[in-house]
Each structure stands twice: as C-alpha cells, then as structure tokens.
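Here is what each chain is made of, one letter per residue.
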Amino acid sequence: DTAVSQTPKYLVTQMGNDKSIKCEQNLGHDTMYWYKQDSKKFLKIMFSYNNKELIINETVPNRFSPKSPDKAHLNLHINSLELGDSAVYFCASSPRTDPSGYTFGSGTRLTVV
Amino acid sequence: KNQVEQSPQSLIILEGKNCTLQCNYTVSPFSNLRWYKQDTGRGPVSLTIMTFSENTKSNGRYTATLDADTKQSSLHITASQLSDSASYICVVISGGSYIPTFGRGTSLIVHP
C-alpha cells in the first residue's frame, strides 16, 4: 500500500527519557513534516524537510530533533521528555507538484508519565 | 498574525440531515484552502482544495465554498451518514511559503 507509515502507534514513557518516532513514506514525495496535535485537537506544524534538508522549524524546544536519513524517511527524536510533550504526533508528506497536498500518517500517541 | 477560526466547535445531527461548517481566516498572502476530515485515531484526509478563483467545489456529498473577499469558507454535508462522524479541519496555506495555518476543527457527531 502506498502510504505514510509511522511507528510506534502508542508510546508511554517516563519523564526524562529519550524516545524516537519513525516515519516512512513510499509515495515518492519530496517533502516530509512532523505535526503535533494537542488535547484540544489543534494541529501545529513542527518541522518540514525537503529532500533531506530542513526548511521549516517552528518554535519547538531543541529537545526535539528531526533526522532525515533519506528522502523517504523522517524520524523524530525527543530528549528529556516532559509531561507537556504528551500529544499525538503526525508525520506527513507532500509532492513537489502540490506542496500543500499533505498525506498524513495515522499518528503516534505519546503519553509522558 | 495568521489565524483560522472554525465554528461551531461541535455539532450533533441526525442521520440524513444536512449541516454546514464555517471557517473564517486572516491568512495573508493566500494560496489555497483545504478541508480535511479526521476520523478518531486516524490522520486527517483531504476532502477539498479551494484556490483564490474558485467559489464552489464538490466531492460527493461534501460541498465547499470560498469567499476570498470576506475570507470565509464553508463545508456543507448533504444527507449525513453515520460515517461522517469525525473532526473537520479547515487549513489555509500561505502563498509563497506554503506554511499551513490550521483551524481547531469542528467535531461532528451523526446519530442514527
């Protein structure tokens, strides 16, 4: 299936831990993103990578570090997790011909306890 | 500051009824506006895209309108079905940068 797939779907961890969320797309898209959706369902863009190069970096704590090993992958690493990091994180991608035509993954629900 | 406001915040309707969701925005410059449907536990899925010159666009039972002068859009759902229960999110894309501004969504519940 052509899709944006992210793992894990659920992640429960203690404060202070370091964790990673992986994302892969097989759509041949040039740009990949990470979004955060808070408890009020508000989606906010965190990062955008175009062909492995960072092009958007919104106001996000530097504990969050995206890593793009190749055009099809964009992983999110979070250091020293805090309670406020609890949210659903969505990976997305879009093609060069339609930069705002996002295809979203199913989300990773992160719970920090 | 770019903002997208949606109303109502939540809506409950009976199966078979129609409904209209509203989206007002202050994003400038404007590139396009999209409506997304987000089912519980899933990522958002695009329903429609509206560019500056388009007033109305349909996708099955979904019809979106855009008034670029008043910076308003609506999403009309006809003959609602139980599967329409979801959150509907309005997203406005800035011209040039393609940075999205998301609304907080309207939570729609369709009861049998």
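Attention in this report is confined to the structure presented alongside it. Just so you know, these numbers come straight off a predicted model, no measurement behind them.

### Structural notes on the state of the cysteines
Here comes step 1: Taken as a whole and judged by the stated rule, the model has two disulfides over all chains.
Here comes step 2: Cys23(A) shares a disulfide with Cys91(A); S-S distance 1.8 Å. Measuring the twist about the S-S bond at about -75°, one finds the Cys23(A)-Cys91(A) disulfide to be left-handed. Here Cys91(A) lies in strand β9 (residues 87-94) and Cys23(A) lies in strand β3 (residues 19-25), a separation of 68 residues in the sequence.
Here comes step 3: For Cys23(A), a relative accessible area of 1% puts it in the buried group.
Here comes step 4: Residue Cys91(A) is classed as buried on the basis of its relative accessible area, which comes to 0%.
Here comes step 5: The disulfide partner of Cys23(B) is Cys90(B), and the gap between their sulfur atoms is 2.0 Å.

### As for the packing of aromatic side chains
Here comes step 1: Counted according to the given criterion, the structure contains twelve aromatic pairs over all chains.
Here comes step 2: Both rings, one in Tyr35(A) and one in Phe104(A), keep their centres 5.3 Å apart while their planes meet at 50°; by these two values the pair is tilted. Of this pair, Tyr35(A) sits in strand β4 (residues 31-37) while Phe104(A) sits in strand β10 (residues 103-104), placing them 69 residues apart in sequence.
Here comes step 3: Take Phe104(A): its relative accessible area is 9%, and that puts it in the buried class.
Here comes step 4: Centroid distance Tyr35(A) to Phe102(B): 5.3 Å. Interplanar angle 75°. Geometry classified as edge-to-face. Remark: Phe102(B) occurs in strand β10 (residues 100-102) and Tyr35(A) occurs in strand β4; the pair is interchain, linking two chains.
Here comes step 5: Given the relative accessible area of 4%, Phe102(B) is considered buried.
Here comes step 6: Through pairs of rings, three or more aromatic residues link up here, namely Tyr33(A), Tyr35(A), Phe90(A), Tyr102(A), Phe104(A), Tyr36(B) and Phe102(B).
Here comes step 7: Against the face of Tyr62(B) rests Arg61(B), its NZ or CZ located 5.8 Å from the ring centre.
Here comes step 8: Across the ring face of Phe42(A), the terminal group of Arg104(B) is positioned such that the distance to the ring centre comes to 4.3 Å.

### Section: unusual backbone geometry
Here comes step 1: Each neighbour pair has its own omega, and for Ser7(B) with Pro8(B) the value is -10°, a cis peptide bond.
Here comes step 2: Relative to the assigned elements, Pro8(B) resides in the loop between β1 (4-7) and β2 (10-14).
Here comes step 3: Residue Pro29(B) follows Ser28(B) across a cis peptide bond; omega there is -5°.
Here comes step 4: Looking at the secondary structure, you find Pro29(B) in the loop between β3 (19-25) and β4 (30-38).
Here comes step 5: Phi at Ser80(A) takes a positive value of approximately 45°, unusual for a residue other than glycine.
Here comes step 6: Within the fold, Ser80(A) resides in the loop between β8 (73-78) and β9.

What counts and what doesn't
Residues numbered from 1 in each chain as written. Chains lettered and ligands numbered in written order. Predicted model: local features only at pLDDT ≥ 70, side-chain atom pairs only at ≥ 80, totals over all residues. Heavy atoms only, no water. Disulfide = S-S within 2.5 Å. Helix = DSSP H or I, 4+ residues; strand = E, 2+ residues; numbered from the N terminus. Buried < 20%, exposed > 50% of the residue type's maximum accessible area, 1.4 Å probe, protein only. Phe/Tyr/Trp six-rings, centres within 6.5 Å; stacked < 30°, edge-to-face > 60°. Lys NZ or Arg CZ within 6 Å of the ring centre and 35° of its normal.

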